[in-house]
Amino acid sequence: MLYDIRLHLHYDYAAAAGGGRHQIRVLPSTISGVQRVIAASLSFTPAPNERSDFSDFFGNNVTSIAFRDAHDALDIRMSARVSVSRPEPGLDVSPDIGRLRQELAAVRSLASASPHHFLAGSAHSGIDAAITTYAKDSVGTSAAGTAMDLCNRIHRDFTYDGEATTVRTRASDAFRLKRGVCQDFSHIMIAGLRGLGIPAGYVSGFLRTIPPKGKPRLEGADAMHAWVKVWCGRDAGWQEFDPTNGMRASNDHITVGYGRDYSDVAPIVGVLKTTGGQVGEQAVDVIPVVLEKA
């Protein structure tokens, strides 16, 4: 699948900010065998006084910006053309949890993709006894099967509610509410799998949405999405699941970055020199591109 993606983040400040520094993680990544970024751009209004672009530990694209002049609003615009071609899931060759632990113990690497980084509790996905107990009902004969069952149960048992939680909500709180958004469902699944001893991480990105039959696609109606990557053993490797929709990640999922939880891949983090609050808005368009035949 080929997509044109547009993202607009807008922030209004109650009082003019005398300065600020931010890190932005919204540019999609090229991922071998999965995704290729053909072109991408990222712009800011007002223009920052400083800008640098780099990759973080997990290989995510990061843009660091700083302002020294007063400003009362900030606009961030990203556009990209991305090709996605995920391999179809093959035969499940992942081991059961006991064997998975043996294979995990044999991994000596601490590189960014090492499963060891994704096993302990983290800020948003702490290991929680209630979530672990819930996840135990999904344990099956393979790690991938366990992840798929837990993914489907979260999709079935939890209610999507954009007003129930915030970006600061932890997995344990969302689990008690049985409500939330994609970020919350991903954190719950991550916490549950880690509680079982299965390494799991957070994926930030975009999801193509399909309007109801006969209805036009609404401009800017999409939003950034989140799902889960799971280490399914030496032979099966990392596989991705979307608990919000009860499915494996497909060619409709466009990856921005990977982390232990939301805090590693938040679209924007930083500090402002100001005396008031702020209000933010987000608009995303994920548009399939159909190339005309010559």
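This write-up is about the structure you can find in this document.

Procedures and definitions
- Residues numbered from 1 in each chain as written.
- Predicted model: local features only at pLDDT ≥ 70, side-chain atom pairs only at ≥ 80, totals over all residues.
- Heavy atoms only, no water.
- Helix = DSSP H or I, 4+ residues; strand = E, 2+ residues; numbered from the N terminus.
- Rg over C-alpha atoms; globule rule 2.2 N^0.38 Å.
- Buried < 20%, exposed > 50% of the residue type's maximum accessible area, 1.4 Å probe, protein only.
- Contact = heavy atoms within 4.5 Å.
- Lys, Arg positive; Asp, Glu negative; His and termini not counted.
- Charge placed at Lys NZ, Arg CZ, Asp CG, Glu CD.
- Salt bridge = Lys/Arg side-chain N within 4 Å of Asp/Glu carboxyl O.
- Core = buried A, V, L, I, M, F, W, Y, C linked by side-chain atoms within 4.5 Å.
- Phe/Tyr/Trp six-rings, centres within 6.5 Å; stacked < 30°, edge-to-face > 60°.
- Lys NZ or Arg CZ within 6 Å of the ring centre and 35° of its normal.
- Arc of directions from axis to C-beta.
- Pairing = 2+ DSSP bridges.
- Axes fitted to C-alpha atoms, helices over the stretch in contact; angles between N-to-C directions.

### Some thoughts on the overall build of the protein
- Scanning the protein from terminus to terminus reveals 6 helices and 15 strands.
- Taking 19 Å as the expected radius of gyration for a compact globule of 294 residues, we find that the protein reaches 20 Å, a close match to that expectation.
- Looking at the protein as a whole, 49% of its 294 residues are labelled buried.
- Counting only contacts in the protein whose residues sit at least 6 apart along the sequence, the fraction spanning at least 24 positions is 74%.
- Positive and negative charge centroids in the protein, built from 31 and 31 side chains respectively, lie 3 Å apart.

### Quick word on the pattern of salt bridges
- Throughout the structure, instances matching the rule amount to 15 salt bridges.
- Residue arginine 99 is joined to glutamate 103 by a salt bridge in which the shortest nitrogen-to-oxygen separation is 3.6 Å. With arginine 99 and glutamate 103 both in helix H1 (residues 97–105) and 4 residues apart, the pair spans about one turn of that helix.
- Between aspartate 157 and arginine 156 there is a salt bridge, and its shortest N-O distance comes to 3.2 Å.
- The exposure class assigned to aspartate 157 is partly exposed, which follows from its relative accessible area of 32%.
- Using a relative accessible area of 58% as the deciding quantity, one classes arginine 156 as exposed.
- Taken together, the salt bridges that share partners define one network made up of Arg99, Glu103, Arg234 and Asp235.

### A word on the nonpolar core
- In this structure, Ile154, Ile188, Met189, Leu193 and Val230 are the most contacted members of the largest nonpolar core, which totals 38 residues.
- Only H1, helix H2 (129–136), helix H3 (143–157), helix H4 (171–177), helix H5 (182–196), strand E9 (200–207), strand E10 (224–231) and helix H6 (262–265) provide two or more residues apiece to this core.
- Per-element accounting of this core gives the leading share, 8 residues, to H5.
- When near neighbours in sequence (up to four residues on either side) are disregarded, isoleucine 188 contacts Ile131, Ile154, Phe158, Ala171, Ala174 and Phe175.
- In terms of nonpolar packing, the next biggest core, distinct from the first, is built from 27 residues, Ile5, Met78, Ile254 and Val256 among them.

### Overview of the packing of aromatic side chains
- Within this structure, the stated rule accounts for 9 aromatic pairs.
- Where tyrosine 134 meets phenylalanine 175, the ring centres are 5.5 Å apart and the plane angle is 70 degrees; that geometry is what we call edge-to-face. Of this pair, tyrosine 134 sits in helix H2 while phenylalanine 175 is found in helix H4, placing the two residues 41 residues apart along the sequence. The pair tyrosine 134 / phenylalanine 175 is uniform in exposure class, with both members buried.
- Joined through ring pairs, the aromatic side chains of Tyr134, Phe158, Tyr160, Phe175 and Phe185 make up one cluster.
- Its end group placed over the ring of tyrosine 134, arginine 153 keeps NZ or CZ at 3.9 Å from the ring centre.
- The ring of phenylalanine 175 has lysine 178 sitting right over it, with the charged end atom 3.8 Å from the ring centre.

### Brief notes about H1
- Every buried residue of H1 is listed here: Ile97, Leu100, Glu103 and Leu104. Projected onto a plane normal to the axis of H1, the buried residues spread over an arc of 115 degrees and lie on a single side.
- Those residues of H1 that are buried lie in contact with H3, H5 and E10.

### A short note on the sheet that holds strand E5 (residues 61–67)
- The strand order across the open sheet built from 4 strands is E4-E5-E2-E14, with neighbouring strands paired in antiparallel fashion. Strand pairing shows two members of the sheet lacking a second neighbour, strand E4 (50–55) and strand E14 (268–272), which therefore form its edges. Sheet twist, expressed as the mean angle between neighbouring strand axes with direction ignored, is 10 degrees.
- In this sheet, E5 lies alongside strand E2 (residues 20–24) in antiparallel orientation, the contact comprising 5 bridges. Bridge pairing links histidine 22 to isoleucine 65 in E5.

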